[in-house]
Amino acid sequence: MVQAYILIQTEVGRAAAVASDVAGIDGVSRAEDVTGPYDVIVHVDSNDDAALSDTITAVQKVPGITRTLTCSVVGSPA
């Protein structure tokens, strides 16, 4: 299992819509609009790196997104 967090910046006023759209993408286990320097935080669960790449690409194509930052999870929870 490969996991990652995608931090998303959106156009003004689009955070809730982007979170809703992203939540429907295959591989996304959670998408929430938040406050702070990023507008949406997404958790992705994939079977392998190729599936993770496909999910990241699908997220980046959602209208209203201006920038993403992907943080891969490197260890499993204790």
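Just above, that's the structure.
Residues numbered from 1 in each chain as written. Predicted model: local features only at pLDDT ≥ 70, side-chain atom pairs only at ≥ 80, totals over all residues. Heavy atoms only, no water.

A. Representation of the overall build of the protein chain within the structure. Each helix and strand counted, the protein chain has two helices and four strands in total. Relative to a compact globule of 78 residues, whose C-alpha radius of gyration would be 12 Å, the protein chain shows 12 Å and is just as compact. C-alpha atoms of the protein chain, sized along the principal axes, occupy 35 × 25 × 15 Å. Counting the 78 residues in the protein chain, one finds 32% classified as buried. At a minimum sequence separation of 6, the contacts of the protein chain that also span at least 24 residues come to 67%. Looking at charge distribution, the protein chain has the averaged site of its 4 positive side-chain charges lying 7 Å from that of its 10 negative ones. (Helix = DSSP H or I, 4+ residues; strand = E, 2+ residues; numbered from the N terminus. Rg over C-alpha atoms; globule rule 2.2 N^0.38 Å. Buried < 20%, exposed > 50% of the residue type's maximum accessible area, 1.4 Å probe, protein only. Contact = heavy atoms within 4.5 Å. Lys, Arg positive; Asp, Glu negative; His and termini not counted. Charge placed at Lys NZ, Arg CZ, Asp CG, Glu CD.)

B. A look at the side chain of threonine 55. With respect to the secondary-structure elements, threonine 55 resides in helix α2 (residues 49–60). Once residues within four sequence positions are removed from consideration, threonine 55 is found in contact with Ile25, Asp26, Gly27, Val28, Val44 and Ser46.

As far as function goes, none of this settles anything; it's purely spatial.
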